[in-house]
Amino acid sequence: MLVLKFGGTSVGSAARMKEVAKLINTPERKIVVLSAMTGTTNSLVEIAAYLYKKNIEAAIEKIKLLEKNYQLVVEELFETKTFREKGLELISSHFNYIKAFTQDMFTLFEEKAILAQGEMLSTALFYFYLEENHIQSTLIPALNFMRIDEDGEPNTSFIKEQLQHELALHNASNLFITQGFICRNTFGEIDNLKRGGSDYSASLIGAAVEATEIQIWTDIDGFHNNDPRIVENTKPLAGLSFDEAAELAYFGAKILHPSSVLPAKLANIPVRLKNTMNPGATGTIICNETKNKGIKAIAAKDNITAIKIKSGRMLLAHGFLRKVFEIFETYKTSIDMITTSEVAVSVTIDDTKFLNEIILDLKKFGTVEVDTALSIICIVGDFIAESKGYALKIFSALENIPIRMISYGGSFHNVSVLVTTSDKKEALETLHKTLFEHD
Ligand code: ASP
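Residues numbered from 1 in each chain as written. Predicted model: local features only at pLDDT ≥ 70, side-chain atom pairs only at ≥ 80, totals over all residues. Heavy atoms only, no water.

Asker: Looking at this model, I keep getting lost on the nonpolar core. Mind explaining?
Answerer: Nonpolar side chains tend to gather and get buried jointly when the protein is soluble and globular. The biggest cluster of nonpolar side chains holds 101 residues, and the ones touching the most others in it are Leu125 and Phe223. Membership of the second largest hydrophobic core comes to 19 residues, among which are Ile394, Leu398, Val415 and Leu428. (Core = buried A, V, L, I, M, F, W, Y, C linked by side-chain atoms within 4.5 Å. Buried < 20%, exposed > 50% of the residue type's maximum accessible area, 1.4 Å probe, protein only.)

Right, dumping it as structure tokens:
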């Protein structure tokens, strides 16, 4: 079984949906996981924001606009009157459902129900399109098998059991369509795997059915060796290990959701990143074994805040770090980078929701300094084989860039440096030149 996930831009218009239909019309048995059409989830988030603020008029206007877009998609997607009517009926039923939320109390529960409509619409339209074109498929609702537990973590045994059950109901079917992103929580309410979560759905589904391969289809030829939006002459990478892909995804490469690496890694299922605009390209294969060693890629993550805690009490003391980390734990704020000296510890965070509370608590232990508008530059590769010399290469490339923090030795796959965001572009470019264009 193959699992193929198509992101929002890949199903972003009637024309793109038709392309996807061509790509999946192959003999292998497969589950196709779809995102909402591009822009839809953002629009639904906006609608929910208006409803929270009780701005019903603005919400209705936005709902009507979105509904109109879908009506146009239907006109373009279907050839026959029967399917156009079917499509329009589907759209009005989903939009009537959304409109019903303008009349009542609006809570997180209603918001999640609204956010789920994007994936429901894209999958149902796609399913109808296949039907109109005589491509037999089965639509399996993700809400029947995708579930998170009370901590918001996927309930993998439930997912496996229920998904197997759904598939068994349609033993003769070769092609299954389902929604990414959406799920139910432990109370059975509609929930989701957080923004960009369709990749995570695909990985969980792949692990649950022990797929031979999970393919993530986007509109770029796989992971690039640097950020193509900032640096010229970046190249797609043929292969990465799961650990390298996880570092890159976490530290800024937008192509893959960071959570989606773990389920595939644990189940040892290769993940292939493919380009819908260029399906012939091999893309990037992510698996447990990689042939290429050395430095492979560079990524950057913005909006980083650094916090330095300086304390005489840290000198020769034990238990100091535990106390500091407990404060971050209390506020459920995760730390990305850490460096320590004998009298100070610096950490970085990207979620500043509780920054003021954290600073207040940290002040009990010493003086606290906060720096904002920083970026983590992350250099990823397999450094075991090249353990001598790569640090020199990295730091000589950065000789003219002020470095705020360095994290080195935490894993064999990552060297991270913290710079001010205004220096990021130059840092990425000079690293690229030195590391990848030297010969
Ligand atoms: N539609 C969802 C979002 O925009 C999930 C996804 O596309 O992966 O976040």
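Asker: What is the right way to look at the side chain of Asn225 in this model?
Answerer: For Asn225, the position within the fold is in the loop between β7 (213-218) and β8 (239-241). When near neighbours in sequence (up to four residues on either side) are disregarded, Asn225 contacts Thr234, Lys235, Leu237, Lys296, Ala297, Ile298, His432 and Phe436. (Helix = DSSP H or I, 4+ residues; strand = E, 2+ residues; numbered from the N terminus. Contact = heavy atoms within 4.5 Å.)

Asker: Please clarify how a nonpolar patch on the surface should be interpreted in this entry.
Answerer: A surface patch of nonpolar side chains, amounting to about 260 Å² of accessible area, comprises Ile403, Ile406 and Tyr408. Turning to its location among the elements, Ile406 is positioned in strand β15 (residues 405-411). (Patch = residues over 30% accessible without salt bridge, like charges linked within 9 Å, V, L, I, M, F, W, Y side chains within 5 Å. Areas by Shrake-Rupley, 256 points an atom, 1.4 Å probe, with all protein chains shown as cover. Salt bridge = Lys/Arg side-chain N within 4 Å of Asp/Glu carboxyl O.)

Asker: Explain the environment of Lys160 here, please?
Answerer: Turning to its location among the elements, Lys160 is positioned in helix α7 (residues 156-168). Sequence spacing of Lys160 and Gly8 is 152 residues, and the spatial spacing of their C-alpha atoms is 25 Å. Excluding residues within four positions of it along the chain, Lys160 makes contact with Ala207, Ala208 and Glu210.

Asker: When you look at the environment of Leu88 in this model, what are you seeing that I'm missing?
Answerer: Tracing the backbone shows Leu88 in helix α4 (residues 81-100). Sequence separation of Leu88 and Glu67 is 21 residues, and the distance between their C-alpha atoms is 9.8 Å.

Asker: Mind showing me how you'd approach the packing of helix α2 (residues 40-52) against helix α3 (residues 56-77) here?
Answerer: Angle between the axes and distance between the axes: these two values describe a pair of packed helices. Orientation of α2 relative to α3, taken along the N-to-C sense of each, is 160 degrees, at an axis distance of 8 Å. With respect to α3, the element α2 is oriented roughly antiparallel. Along this stretch, α2 crosses α3, giving a crossing that reads as left-handed. In this structure, α2 uses Thr40, Ser43, Leu44, Glu46, Ile47, Tyr50 and Leu51 to contact α3, whose residues at the interface are Ile56, Ala58, Ala59, Lys62, Ile63, Leu66 and Tyr70. (Axes fitted to C-alpha atoms, helices over the stretch in contact; angles between N-to-C directions. Parallel < 35°, antiparallel > 145°, perpendicular 65-115°, else oblique. Left-handed = near helix turned anticlockwise from the far one by under 90°.)

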